[in-house]
Number of protein chains: 2
Amino acid sequence: MSEEMVCRKHRLSSFQIIILGFAGVILLGALLLMLPLSTTARCVTPFHEALFTATSAVCVTGLVVQDTGSYWSVFGKAVILTLIQIGGLGVVTVAASFALLSGRRISLMQRSTMQDAISAPKVGGIVRLTRFILRGTFLIELIGALAMLPVFCRDYGWHGIWMAVFHSISAFCNAGFDILGTNNNLYPSLTGYVQNPVINITVMLLIITGGIGFLTWDDICENKLHFHRYRMQSKVILVTTLTLIVLPALFFFFVDFDALPLGARVQAALFQSVTPRTAGFNTVDLPAMSGASLGVMILLMLIGGSPGSTAGGMKTTTLAVLLSNAAATFRQRDSAQFFGRRVDCSTVKTAATILTMYLALFFGGGVFISVYEDLPLSSCLYEAASAVGTVGLTLGITPQLHIPSQMVLIALMYLGRVGGLTLIYAAVSSKKTGSAKLPRESITIG
Amino acid sequence: MSEEMVCRKHRLSSFQIIILGFAGVILLGALLLMLPLSTTARCVTPFHEALFTATSAVCVTGLVVQDTGSYWSVFGKAVILTLIQIGGLGVVTVAASFALLSGRRISLMQRSTMQDAISAPKVGGIVRLTRFILRGTFLIELIGALAMLPVFCRDYGWHGIWMAVFHSISAFCNAGFDILGTNNNLYPSLTGYVQNPVINITVMLLIITGGIGFLTWDDICENKLHFHRYRMQSKVILVTTLTLIVLPALFFFFVDFDALPLGARVQAALFQSVTPRTAGFNTVDLPAMSGASLGVMILLMLIGGSPGSTAGGMKTTTLAVLLSNAAATFRQRDSAQFFGRRVDCSTVKTAATILTMYLALFFGGGVFISVYEDLPLSSCLYEAASAVGTVGLTLGITPQLHIPSQMVLIALMYLGRVGGLTLIYAAVSSKKTGSAKLPRESITIG
Ligand SMILES: [K+]
Ligand SMILES: [K+]
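Residues numbered from 1 in each chain as written. Chains lettered and ligands numbered in written order. Predicted model: local features only at pLDDT ≥ 70, side-chain atom pairs only at ≥ 80, totals over all residues. Heavy atoms only, no water.

A.B. asks: Would you mind showing me how to read the overall build of chain A here?
C.D. replies: When you go through chain A residue by residue, the secondary structure sums to 17 helices and two strands. Evaluated residue by residue, chain A yields a buried proportion of 61% over its 446 residues. In chain A, the proportion of contacts linking residues at least 24 apart, taken out of those at least 6 apart, comes to 68%. As displayed, chain A has an accessible area near 17,400 Å², and 67% of this comes from carbon and sulfur atoms. (Helix = DSSP H or I, 4+ residues; strand = E, 2+ residues; numbered from the N terminus. Buried < 20%, exposed > 50% of the residue type's maximum accessible area, 1.4 Å probe, protein only. Contact = heavy atoms within 4.5 Å. Areas by Shrake-Rupley, 256 points an atom, 1.4 Å probe, with all protein chains shown as cover.)

Below is the structure:
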């Protein structure tokens, strides 16, 4: 009895740390953004707009109701960048690493909380892993900023340094915020650099690096190029990620962008394939893309990045487990499998739950906004997918929404970000309650 | 070894009977429909159009490329009606009942094939059940025809008898074919009767009766109104069906039809709520409905009717299992449950497979048609959902599609109809192959 109680109490407390930690950082950020100091016009931002921006930053989404570049002052942008960095690393990881840096001893419970936050497989080595995460993050963000520095300094002078740092962090954290907008050119994202290979390649690499997850990097650093030695999860993530970049890129290349020259067309197709899972930058005018391509982007937005990463969405492993499970059913195999390893039935059940949850949030949110705002359902579904997958791509309707619709998007961003985290508890918790002793009864489906 | 071999051989042979049975009836129907005798203009119908119509009829879909009422002769309509009746009862059930009627002894293997075709829970009583199905079907279709007779005879004279019979069978089999079109008014469905309570109520009752499945009726006839004595499956089907009629009806009532008087508005909302799962009649102009309502209809089309019924789609029980599984995950319960009964993990896995399969077919089909025809994605997704769910509702684009897109719709109808049936084998087959001995490895999702 006592062990179960302790376990449940601890679970509840990890739960609370993540849920309340995210909420606390969001609220603090919103209050800071409300200050006149945060805007270029030195005006007080309404609470709901500050809350929207702070939620979008902490949940590394990138949807905005005010153009980031022109509306917020340097102080406001710095607040947003800090929120992005905190959100990207995870509120809990940051809290734990503060404790680490200050030299305090980390209790088993704290370690376990950190482990939950980054989806690590076991408690052993968690401190080493957190150090690895922090060092890796800052190193990669630095390299990214240096790579983009020449381009931004050419275009913005000394101010280009700040530009390079901001966009490097925003890209690695899969946040999708940009500060390139001006009063004459709102919400540009990276459309000005559609033909610039340096920006394209650097941002894509930052997005992919951030999106495949720290554990995959740990595996790669440990086993180098010996693919067969990787953990099953790393293999699945790498294969799925590659597939989800190449196939949509081919689709976009053949269906869209026929006005661009070949080189730019390849870049545009690749970039728009990489960005929906779940970075949120764009180098082309999204509403001008074909309906089919926007549909494929919605699919990619819902799928999202990989577990234990800065990215959101259902996660590549969830998709892989669902497809493998479908293949197993049709081949009358007992269980889903990858690379000669069997996947637990409880994993398939959790994957089904995640799919159900994301579809319900996505569809419910889109329909609500469509009815409330009297806007076409397809555009609203695009914004809803962008919010629940914490992507940040937009067809341009978000800034015009009324407050209830903005609240729906805030809820989708928050649930999309912490919903997945809370499910991890359910999946990893060893003590289950209740129904095991109920009599079984069969039910026909399909 | 021998037992396993027998089991696999039998499974393969049931498999083949259903797959080839459906395909054979479709091909035969297509050839009959190609005859000049089948059209009012006494012309030879192109093979692909005849194939489309025959597939639509056998899979009880109701999508058409030629207006049924004006294009086909009485002979052609009779062929279509026969195909609907065969498809509705299931090719295999019909074959078995012929054997039953001719007094031949039914082997255990034949019984088992019949059982698979109608999703019956056990072999015992299968002959009784088939008799129950045949008697019930003809009795209810007769009552439906008699109820609609006065209205159709008023409007069409003696020809109204044929009208009443055709629409009664088409409604009970969830086929959605209508013969009300004329050369001046193509593809009307039941829009002429939007304010007629007799037609509305009769057709709705026929659709619901056909859609909740023969096993549910068996349970209801056996246990009368003692709900607590029903099998868990019947309880789940009845509760889910009621919810899926009432909630969408309320949605449609408040979002659409504000031009209609109150009584007609209630009828229109109820009818459009009942028809997408998966009858396919409509009493209002569908393209004039709001985008949000069309989105809700797509959802209903994919969900479909109940197992062991004339309806298609993913099935109400699949939805219920997925929702119960999600609730179980969030509440940290071991397994999904209904009414104090536990659901097997393998059932949840099959439900996840069905959801994955339907989403893939729906999305893939819609995107293909959208790209190939250069039509808006939302309309194409509507037609794809209608085809894969074997619904038959249309925004009017199906008749204008090119041959490759029509082939995609034919494939969706066929896979939507037999895909579910083949999955039943996978689910019920006791002998599984392969992966049980593979080592287990955990994978993080969500
Ligand atoms: K993002
Ligand atoms: K139908």
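A.B. asks: I would appreciate a short explanation of the coordination of the potassium ion (ligand 1) in the present structure.
C.D. replies: A metal bound by six donors in octahedral fashion has ideal angles of 90 or 180 degrees, whereas one bound by four tetrahedral donors has an ideal angle of 109.5 degrees. Residue and element names in this part refer to chain A. In the first shell of the potassium ion (ligand 1), the protein supplies Val60 (O), Thr61 (O), Asn174 (O), Ala175 (O), Thr278 (O), Ala279 (O), Thr390 (O) and Val391 (O), at 2.5 to 3.1 Å from the metal. The motif formed by the donor residues of the potassium ion (ligand 1), counted along the single chain, is V-T-x112-N-A-x102-T-A-x110-T-V. With Thr278 in the loop between helix H12 (262–274) and helix H13 (291–303) and Thr390 in the loop between helix H16 (377–388) and helix H17 (403–428), this pair connects stretches of sequence that are 112 residues apart. Across the pair, Thr390 and Thr278 agree in class, each one buried. (Donors = N, O, S within 2.8 Å, 3.2 Å for Na, K, Ca; no water.)

A.B. asks: Could you clarify how one ought to interpret the state of the cysteines in this entry?
C.D. replies: Counted under the stated rule, the structure contains one disulfide over all chains. Across a sulfur-sulfur distance of 1.6 Å, Cys345 of chain A and Cys345 of chain B are joined as a disulfide pair. Every disulfide takes its handedness from the sign of the S-S torsion; for Cys345 of chain A and Cys345 of chain B that torsion is -100 degrees, giving left-handed. Taken together, the residues span two chains, with Cys345 of chain A in helix H15 (residues 345–373) and Cys345 of chain B in helix H15 (residues 345–373). (Disulfide = S-S within 2.5 Å.)

A.B. asks: Please explain the coordination of the potassium ion (ligand 2) as it appears in this structure.
C.D. replies: All names here are of chain B. Only Val60 (O), Thr61 (O), Asn174 (O), Ala175 (O), Thr278 (O), Ala279 (O), Thr390 (O) and Val391 (O) from the protein coordinate the potassium ion (ligand 2), and they sit 2.5 to 3.1 Å from it. Donor residues for the potassium ion (ligand 2) sit on one chain with the sequence pattern V-T-x112-N-A-x102-T-A-x110-T-V. Separated by 218 residues along the polypeptide, Val60 in the loop between helix H2 (47–58) and helix H3 (68–71) and Thr278 in the loop between helix H12 (262–274) and helix H13 (291–303) bring together distant segments of the chain. Assigned by exposure class, Val60 and Thr278 land together as buried.

A.B. asks: What's the story with the pattern of salt bridges in this structure? I'm lost.
C.D. replies: Side chains carrying opposite charge are able to pair once their charged atoms draw close together. All names here are of chain A. Counting across every chain of the model gives three salt bridges over all chains. Here Arg154 makes a salt bridge to Asp155, at a shortest N to O gap of 2.8 Å. Arg154 gets classed as exposed once you look at its relative accessible area, which sits at 59%. The exposure class assigned to Asp155 is partly exposed, which follows from its relative accessible area of 36%. (Salt bridge = Lys/Arg side-chain N within 4 Å of Asp/Glu carboxyl O.)

A.B. asks: Sorry if this is basic, but what is going on with the confidence of the model for chain A here?
C.D. replies: Low-pLDDT portions of the prediction should not be read for the details of their coordinates. Residue and element names in this part refer to chain A. Averaged over all residues, the pLDDT of chain A is 83; the fraction at 70 or higher stands at 83%. Counted against residues more than four places away or in other chains, residues 1–9, with its pLDDT under 50, gives three contacts. Across residues 95–105, confidence stays below pLDDT 50; counting only partners more than four residues off in sequence or on other chains, it has 10 contacts. (pLDDT = per-residue confidence, 0-100.)

A.B. asks: Got a minute to help me understand helix H10 (residues 214–223) of chain A in this structure?
C.D. replies: The periodicity of an α-helix, 3.6 residues per turn, causes residues three or four places apart in sequence to face the same way. Residue and element names in this part refer to chain A. Counting buried positions along H10 yields seven of 10 residues, so the element is predominantly enclosed. Among all positions of H10, only Phe214, Leu215, Thr216, Asp218, Asp219, Ile220 and Asn223 are buried. Two residues or fewer past H10, Lys224 is found with a positive phi of approximately 50 degrees.

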